[in-house]
Amino acid sequence: MDEAIRGFYFNTMYNLLKGKKGIIFGALDPNSIAWQTAERVHQEGGIFVLTNVPAAMRLGSIDVLAKTTGAQVIAADATSVDDLEHLVDQAMEVLGGKIDFVLHSIGMSVNVRKGRHYTDQDYDFTQKGWEVSALSFHKVLQVLYKKKAMNPWGSIVALSYMAAQRVFPDYNDMADNKAYLESVARSFGYFFGKEQQVRVNTISQSPTPTRAGSGVKGFDEFIAFAEKMAPLGNASALDCANYIVVMFSDLTRKITLQNLYSDGGFSNIGVSQEVMKMFEKQ
Ligand code: NAI
C-alpha cells in the first residue's frame, strides 16, 4: 500500500470503538486480515482478546501483536466447542464483562493444500476444511448465543469471498465453504437479532496476499486480474480492517444478515477497459 495512504489511515482515529470489548480470531502474522484489524480496533479504543490454534501461535508472531495492542492471547481451536466455551468464559473474565464485537477470520482447505482438484476431492479433506472454514462460524455463534455473552447491539463479522456467488475455478472447495458461511450468517443472524439484538454479517474481501490467500493456485495472476477489473483496485487487508471497524461501531447498528463487499467494485463489474485492452488485436 502507498505509504501516504497508510499514514492517513493510521493517523486518523475516531474513537469509534471506545469502551467496546471483543474477540479476534485468526491473526497469524502481520499480513493477516485479523492482524491488521486488531491494530485498527486498538487504535479506535477497543479492547480484545486474541485467539488462534496453538500451532499457529508457535508458527506466527501473535505475541508481538498482543504486546502492541495490550491484548491477552487465549488458545482455541475453532472446531472445538469445548475450546470455544473456555475462550468465551475467559474473554469475559479478562475483559470484565460481556462482548461487543467478534471477528471470525479463519479459513483453510486441505484439498487446496494437498493439490486436490475440485473434481477429485478427498472427502476427509473436504470435511476438515468445511469444519475449520464454515462450521466453526456456527459453533462460535452458538457458544456466544447460548452463553448470552454478547451485549445488545453487538456485532459479529466473518470474512468471505465472492466465489460463494460466482465461479472461480481454482478456489476449489473453499467456494462451497464460503457459501455455507454466508448462509450461517443469515440464518443465525435472524435469531441473534430477534432475541439478543446482535448483528451478524459477512464481509466479502478482495484477494489479499496472506498465508491463507497465497495457498490458492494461480493467486498472483488472479490478484493482478482483480486489480485491473475493480475500478478502485483491490481492497487491501487494511481496507478490510477499516470496514470491519465500521461494522463493529455504533454507526452500523441496523445492518445485519448482509454479505458486504470490500472489493473496490469488482463484484459488479462485467469487464473493465483495461482488461479489454489486453485482448486488442496488435
Ligand atoms: P491467514 O492465513 O492470515 O488467516 C487464517 C487464520 O485461520 C490463521 O490465523 C489460522 O491460524 C486460522 N485458523 C486455521 N485453522 C483454525 C482453527 N481450527 N481454529 C482457529 N483458527 C484457525 O489468512 P487471511 O487471508 O487473513 O484469512 C482470514 C479470512 O479471510 C479467511 O476466512 C479467508 O478465507 C478470508 N478471505 C481471505 C482472502 C484472501 O485472499 N486472503 C479473500 C477473502 C476472504
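Since the structure is predicted, the reported quantities are computational estimates derived from the model, not experimental observations. (Residues numbered from 1 in each chain as written. Predicted model: local features only at pLDDT ≥ 70, side-chain atom pairs only at ≥ 80, totals over all residues. Heavy atoms only, no water.)

### Some details on the packing of helix 2 (residues 33-43) against helix 11 (residues 237-248)
Relative orientation of the contacting elements helix 2 and helix 11 amounts to 55°, with a least axis distance of 8 Å. As summarised for this structure, helix 2 and helix 11 are arranged oblique, according to the angle between their axes. Crossing of helix 2 over helix 11 shows right-handed handedness. In this structure, helix 2 uses I33, Q36, T37, R40 and V41 to contact helix 11, whose residues at the interface are A237, L238, C240, A241, N242, I244, V245 and F248. Of the residues contributing to the contact of helix 2 with helix 11, the split by class is 9 nonpolar, 3 polar and 1 charged. (Axes fitted to C-alpha atoms, helices over the stretch in contact; angles between N-to-C directions. Helix = DSSP H or I, 4+ residues; strand = E, 2+ residues; numbered from the N terminus. Parallel < 35°, antiparallel > 145°, perpendicular 65-115°, else oblique. Left-handed = near helix turned anticlockwise from the far one by under 90°. Contact = heavy atoms within 4.5 Å. Nonpolar A, V, L, I, M, F, W, Y, C, P; charged D, E, K, R; others polar.)

### Some thoughts on the site of the ligand
Around the ligand there are 27 residues in total, and S32, N52, K178, T208 and T210 lie nearest to it. Here I106 contributes a backbone N or O atom positioned 3.0 Å from an oxygen atom of the ligand. In the environment of the ligand, an oxygen atom lies 2.9 Å from a nitrogen or oxygen atom belonging to the backbone of A212. Isolated, the ligand exposes 820 Å² of accessible area, and the fraction of that covered by the protein chains is 93%. When contributions to the shell around the ligand are tallied by element, the ones reaching two or more residues are strand 5 (150-160) and helix 9 (211-214). Sorting elements by how many residues they give to the shell around the ligand places helix 9 first, with 3 residues. (Near = heavy atom within 4 Å. Polar contact = N/O pair within 3.5 Å; in protein donor to acceptor, adjacent residues only side chain to side chain. Areas by Shrake-Rupley, 256 points an atom, 1.4 Å probe, with all protein chains shown as cover.)

### A short note on the nonpolar core
By size, the foremost hydrophobic cluster in this structure holds 35 residues, and its most contacted members are F25, I99, V102, F137, L144, I156 and F192. Secondary-structure elements contributing two or more residues to this core are strand 1 (21-25), helix 5 (81-95), strand 4 (99-104), helix 7 (123-146), strand 5 and helix 8 (174-196). Residues within four places of V102 in sequence aside, it is in contact with I23, F25, V140, L144, M150, S155, I156, V157 and F248. (Core = buried A, V, L, I, M, F, W, Y, C linked by side-chain atoms within 4.5 Å. Buried < 20%, exposed > 50% of the residue type's maximum accessible area, 1.4 Å probe, protein only.)

### As for the pattern of salt bridges
Taken as a whole and judged by the stated rule, the model has 4 salt bridges. Of the charged contacts, one joins K20 and D250 as a salt bridge, the two residues approaching to 3.0 Å between their closest N and O atoms. Of this pair, K20 sits in the loop between helix 1 (3-11) and strand 1 while D250 sits in the loop between helix 11 and strand 7 (259-262), and the two are 230 residues apart along the sequence. Of the charged contacts in the structure, one is a salt bridge between D120 and R116, with a shortest N-O distance of 3.4 Å. Overall, D120 belongs to the partly exposed group, its relative accessible area being 41%. (Salt bridge = Lys/Arg side-chain N within 4 Å of Asp/Glu carboxyl O.)

### Let's talk about the packing of helix 2 against helix 4 (residues 62-69)
When two helices pack together, their arrangement is given by the angle between the helix axes and by the axis-to-axis distance. Axis separation between helix 2 and helix 4 bottoms out at 10 Å; the angle between their running directions is 10°. If you check the angle between helix 2 and helix 4, you find them roughly parallel. Mapping the contact onto sequence places W35, A38, E39 and H42 in helix 2 and I62, V64, L65, T68 and T69 in helix 4. Counted by class, the contact of helix 2 with helix 4 contains 5 nonpolar, 3 polar and 1 charged residues.

### As for the UniProt feature "active site" (unreviewed entry) in the chain
According to UniProt, the positions carrying the feature "active site" (unreviewed entry) are Y161 and Y171. Residue position: Y161 is located in the loop between strand 5 and helix 8. A relative accessible area of 9% places Y161 in the buried class. Secondary-structure assignment places Y171 in the loop between strand 5 and helix 8. Sequence-distant contacts of Y171, that is, excluding residues within four places in its chain, are made with V112, Y161, A163, K178 and V216. (UniProt positions renumbered as here; feature names shortened; annotations may be inferred.)

### Considerations on the sheet that holds strand 5
Strand pairing in a sheet relies on backbone hydrogen bonds, with the paired strands running either antiparallel or parallel. The 7 strands are arranged 3-2-1-4-5-6-7 in an open sheet whose pairing can be described as parallel. What marks the edges here is a single partner per strand, and that holds for strand 3 (72-73) and strand 7. Both strand 1 and strand 2 (residues 47-51) contribute to a ladder of 5 bridges, which runs parallel. Residue F25 lies in a different strand from strand 2, and its bridge partner there is T51. Across the sheet, helix 4 touches strand 2 and strand 3, and the angle it forms with strand 2 is around 175°. Each of strand 4, strand 5, strand 6 (199-205) and strand 7 touches helix 11; the most contacted strand, strand 6, lies at about 165° to it. (Pairing = 2+ DSSP bridges.)

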